[in-house]
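What follows is the residue order along each chain.
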Amino acid sequence: MSQKLIAVIGATGQQGGAVVRALQASGQFKVRALSRNPSKHRELADEVVEADLDRPKTLKTAFEGAHGVFLVTNFWEEGTDELKQATAAVRAAKDAGVKHFVWSTLPNVEVISGGEFDVPHFTGKAKIDRIVQEAGFVNHTFVIAPFFYQNLVGALAPQKQADGSLGWALPLVPAVRCIHMGDIRELGNIVAGAFAHPDQAGNGEYLPLVGDFMSFNEIIDTLNRQGHEFSFKQVPKEVFAASFPGGAEVANTFLYFQAHTYLGSDSYDQIALANKIAGGQPSKFSTWARVNVPVQGS
Ligand SMILES: NC(=O)c1ccc[n+]([C@@H]2O[C@H](COP(=O)([O-])OP(=O)(O)OC[C@H]3O[C@@H](n4cnc5c(N)ncnc54)[C@H](OP(=O)(O)O)[C@@H]3O)[C@@H](O)[C@H]2O)c1
């Protein structure tokens, strides 16, 4: 039997990269990695093809002959209009005869919070769900990426504080358990599982990756038990919002987590299904941190 071809947007990034690796590891699929710069990533997958969500014409060739498409949009890339990009991708996938469309979405903060928190990188993705749903693919699946563990060594790495300590100053009550987190490299197992089991996960199911559910105090306690000496200081929203470009968006995100949790509801059943489809439990934060947040000088 010939392997089904899956076209992966964002293949050079964290989410799409995870999807490429998991599809390859499954041995069940042929993988077409998509990038705006295919020549820079020739070795990424069986095929590497140009795709630019801002140039819908490129999507025709990108999706041609594909059984499935994985789509992630990058809110943080300057000039990105997630709705416009996703609409173009859905249309192109339908035109190309794609059977199974997997969209990396996030909860609708506007609905969950009754309009209290404006978090466009969540709500903007949620509003795309309907477009995917109504497109009429034979199968479609929603995956939900968690707060990446990787944020804590990347965009939200600990900073030197005024008292000389290394740690976090965030607009968040640190005792509130509210962050659904995970190793984003493990998102691929869920996506590959969904493509392999459309009967169980291809009927509009929501599949969140959740390795741990923690408060910031628990995050810091875990790291400090491993030998770190990180600090935490709660700061007013306004102070945090002014501290870097995009700060207001991130501040609102934390305030939303605190009020409603990251996923916004009890997602026990969805998480259980995601783990079943992935074929195992995702890594706990402590396991990931031991390897990825090394203690300096040890
Ligand atoms: N950090 C978190 O905790 C978190 C949690 C949940 C969701 N998210 C969401 O994750 C998304 C980013 O995903 P990521 O972290 O996997 O991204 P990433 O590692 O920053 O990589 C971005 C990817 O997007 C592709 N891309 C960007 N613009 C494109 C365009 N116009 N056409 C085609 N491809 C394009 C890039 O491909 P090329 O450069 O190769 O073209 C690259 O592969 C954001 O929307 C964010 O809201 C983040």
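Residues numbered from 1 in each chain as written. Predicted model: local features only at pLDDT ≥ 70, side-chain atom pairs only at ≥ 80, totals over all residues. Heavy atoms only, no water.

Let's talk about the side chain of H228
Okay, step 1: Assignment of secondary structure puts H228 in the loop between α9 (216–225) and β13 (230–234).
Okay, step 2: On the basis of relative accessibility, which here comes to 10%, the residue H228 falls in the buried class.
Okay, step 3: Polar side-chain contacts of H228 include one of 2.8 Å to the backbone oxygen of V293.
Okay, step 4: Not counting the four nearest positions on each side in its chain, H228 is found in contact with L223, V293, P294 and V295. (Helix = DSSP H or I, 4+ residues; strand = E, 2+ residues; numbered from the N terminus. Buried < 20%, exposed > 50% of the residue type's maximum accessible area, 1.4 Å probe, protein only. Polar contact = N/O pair within 3.5 Å; in protein donor to acceptor, adjacent residues only side chain to side chain. Contact = heavy atoms within 4.5 Å.)

A closer look at the sheet that holds β13
Okay, step 1: One open sheet holds the 3 strands; their spatial order is β8-β9-β13, and the pairing between them is mixed. At either margin of the open sheet sits one strand with a lone partner, and together these are β8 (159–160) and β13.
Okay, step 2: Bridge count for β8 against strand β9 (residues 166–170) is 2 bridges, and the pairing is antiparallel. Looking at β9, one finds that Q159 is bridged to G167.
Okay, step 3: Along the sheet, α9 contacts β9 and β13; its crossing angle with β13, the most-contacted strand, is approximately 165°. (Pairing = 2+ DSSP bridges. Axes fitted to C-alpha atoms, helices over the stretch in contact; angles between N-to-C directions.)

Some remarks on the sheet that holds strand β12 (residues 212–214)
Okay, step 1: Here 3 strands make up an open sheet; going across it, the order is β7-β10-β12 and the pairing mixed. Because the sheet does not close on itself, it has two edges, and the strands there are β7 (147–148) and β12.
Okay, step 2: When strand β10 (residues 179–182) meets β12, the two strands line up antiparallel, connected through 3 bridges. Residue pairing across strands places I179 opposite M214, the latter belonging to β12.

Observations concerning the site of the ligand
Okay, step 1: The environment of the ligand is formed by 29 residues, the closest being T12, Q15, S35, T73 and N151.
Okay, step 2: The separation between an oxygen atom of the ligand and a polar side-chain atom of T12 is 2.6 Å.
Okay, step 3: The separation between an oxygen atom of the ligand and a polar side-chain atom of S35 is 2.7 Å.
Okay, step 4: Notes on the ligand: free accessible area 930 Å², of which the protein chains cover 86%.
Okay, step 5: Contributing elements (two or more residues each) for the shell around the ligand: α1 (14–26), α3 (82–95), α5 (120–126) and β7.
Okay, step 6: In the shell around the ligand, the residues fall into 12 nonpolar, 11 polar and 6 charged. (Near = heavy atom within 4 Å. Areas by Shrake-Rupley, 256 points an atom, 1.4 Å probe, with all protein chains shown as cover. Nonpolar A, V, L, I, M, F, W, Y, C, P; charged D, E, K, R; others polar.)

Focus on α9
The periodicity of an α-helix, 3.6 residues per turn, causes residues three or four positions apart to be oriented the same way.
Okay, step 1: Looking only at α9, the buried set comprises F216, I219, I220, T222 and L223. The arc that holds every buried residue of α9, seen down its axis, measures 155°, which confines them to one face. (Arc of directions from axis to C-beta.)

Section: the pattern of salt bridges
Should their charged atoms come close, side chains of opposite charge can pair.
Okay, step 1: With the rule as written, the count across this model stands at 11 salt bridges.
Okay, step 2: Residues E50 and R55 are paired through a salt bridge, measuring 2.4 Å at the closest nitrogen-oxygen approach.
Okay, step 3: Classification of R55 by relative accessible area gives partly exposed; the value is 41%.
Okay, step 4: Linking K125 and E82 is a salt bridge whose minimum nitrogen-to-oxygen distance equals 2.9 Å. (Salt bridge = Lys/Arg side-chain N within 4 Å of Asp/Glu carboxyl O.)

A short note on the pairing of strand β1 (residues 4–8)
A regular strand places its side chains on the two faces of the sheet in alternate fashion.
Okay, step 1: Across the 5 residues of β1, 4 count as buried, placing the element largely inside the fold.
Okay, step 2: Across 5 bridges, the pairing between β1 and strand β2 (residues 29–35) is parallel. Among the inter-strand pairings, I6 is bridged to a residue of β2, identified as V31.

Brief notes about the packing of α1 against helix α7 (residues 187–196)
Okay, step 1: It is the contact of α1 with α7, at a shortest axis distance of 7 Å, that shows an interaxial angle of 55°. Judged on the interaxial angle alone, α7 and α1 are oblique. The two elements α1 and α7 cross, and the hand of that crossing is right-handed. Mapping the contact onto sequence places Q15, A18, V19, A22 and L23 in α1 and L187, G188, N189, V191, A192 and F195 in α7.
Okay, step 2: Each residue belonging to the contact of α1 with α7 can be placed in one class, and the counts come to 8 nonpolar, 3 polar and no charged. (Parallel < 35°, antiparallel > 145°, perpendicular 65-115°, else oblique. Left-handed = near helix turned anticlockwise from the far one by under 90°.)

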